[in-house]
Protein chains: 2
Amino acid sequence: MSKFKKALFCGIAPLLMAGMLSVTSQAVASGERLYGRFTQDNELYTPRNYREWVFIGSSVTPNDMNDGAAAFPEFHNVYIDPGSFEYWKKTGEFRNNTVIVKELVSVRGKESPSGNGYFPGEFNGIAAMVKSEKRYPDRPGNWAYFGFPEGARHGAIQEDSACSACHQEHAAQDQVFTQGYPVLRAAKP
Amino acid sequence: MSKFKKALFCGIAPLLMAGMLSVTSQAVASGERLYGRFTQDNELYTPRNYREWVFIGSSVTPNDMNDGAAAFPEFHNVYIDPGSFEYWKKTGEFRNNTVIVKELVSVRGKESPSGNGYFPGEFNGIAAMVKSEKRYPDRPGNWAYFGFPEGARHGAIQEDSACSACHQEHAAQDQVFTQGYPVLRAAKP
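Residues numbered from 1 in each chain as written. Chains lettered and ligands numbered in written order. Predicted model: local features only at pLDDT ≥ 70, side-chain atom pairs only at ≥ 80, totals over all residues. Heavy atoms only, no water.

Remarks on the pairing of strand β6 (residues 115–131) of chain A
Residue and element names in this part refer to chain A.
Then, in step 1: Within β6, 14 of the 17 residues are buried, leaving the element largely enclosed by the surrounding structure.
Then, in step 2: Taken together, the ten bridges between strand β5 (residues 99–112) and β6 define a ladder with antiparallel strand orientation. The residue bridging valine 107 from the neighbouring strand is proline 120, located in β6.
Then, in step 3: Here β5 folds back onto β6, and the loop between the two strands holds two residues.
Then, in step 4: Pairing geometry for β6 and strand β7 (residues 143–147), over five bridges, is antiparallel. Within the sheet, the bridge partner assigned to lysine 131 lies in β7 and is tryptophan 143. (Buried < 20%, exposed > 50% of the residue type's maximum accessible area, 1.4 Å probe, protein only. Helix = DSSP H or I, 4+ residues; strand = E, 2+ residues; numbered from the N terminus. Pairing = 2+ DSSP bridges.)

Topic: the interface of chain A and chain B
Then, in step 1: Facing the 44 residues of chain A at the interface are 44 residues of chain B.
Then, in step 2: Between chain A and chain B, a total of about 3,300 Å² is buried, with carbon and sulfur atoms accounting for 62% of that surface.
Then, in step 3: On the chain A side of the interface with chain B, the three residues burying the most area are A:Glu52, A:Phe55 and A:Met65, jointly 15% of the side's total.
Then, in step 4: Here chain A and chain B share four salt bridges between them.
Then, in step 5: Notably, a salt bridge pairs A:Glu122 with B:Arg185, separated by 2.9 Å at the nearest N-O pair. (Contact = heavy atoms within 4.5 Å. Buried area = accessible area lost by both parts, 1.4 Å probe. Salt bridge = Lys/Arg side-chain N within 4 Å of Asp/Glu carboxyl O.)

This is the structure in structure tokens:
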């Protein structure tokens, strides 16, 4: 599957190096710590430190289980920003300013000393979703979806017909696939 | 595969609830923050907050890819304590007092809107490895391996013939399967 075609799905594109990612967090008057920094057009600067956020779940949809042409032929390792995880633990809901990052990791192989299976290889890009009433008042659930073209300083907002439609139809809670995130389910009050 | 048989492999047993896990971190004179609390016999109290540590990689070895009898028929989601991750980023090595936790998560299904694959279900137990010159001077590499019987307050150290032998033979660096942990590889100096 071409990178271009893959980008059509959820705007995911590989990043050359982890070091190219660049985001900072910011504090707000309320005292709640927010994560994510935005352009004037409300596009998310490429997240950098998400690997030290809270991992919520992983799945794999390899090519060889999808007639050689998986939409996302990688592991999906999904993270939520720590401030929104704290809010989730108290309320069981996604706060305004929630940032969720999906990192794609290639399949390295199918055999290891622990048995046959799928084993991760290298980073292959990220995608993100951000919930904000202020920034995205007209988007369903106030969620915007971002793809990150290779080497881009910030993400590109995806059309509702791409990511959002599938998330709205199939995700268990507020466009988030909580059915695949045992960490969220276990932490829900 | 029976839970008992599974326990023979790496001492892994399911924990009834996340809430039963119980560990605190401790500061030391050097100022380095350590994670893990130990019994008088140097057995690790069951880690509790590891889901907010640093996730380093996931793999899956399902039953249906292992003649119905996988040694670990689950997703393995692996975490390192944050203090040891900081040390790794500076040195590319595992410090004394490194704690690595492997959480097992069952396979929920093989189909989703994003394609065919393996998708996570529920928590199914943890295992851990701890490196300590002081606590485990006679173990290879000073690593001890722990299984956590269901509901146990602390882990049980596993014989070298169980986990350690395989880790020594197959792991890429210092008994840790860094070949399967893209986060560690990317963060190595």
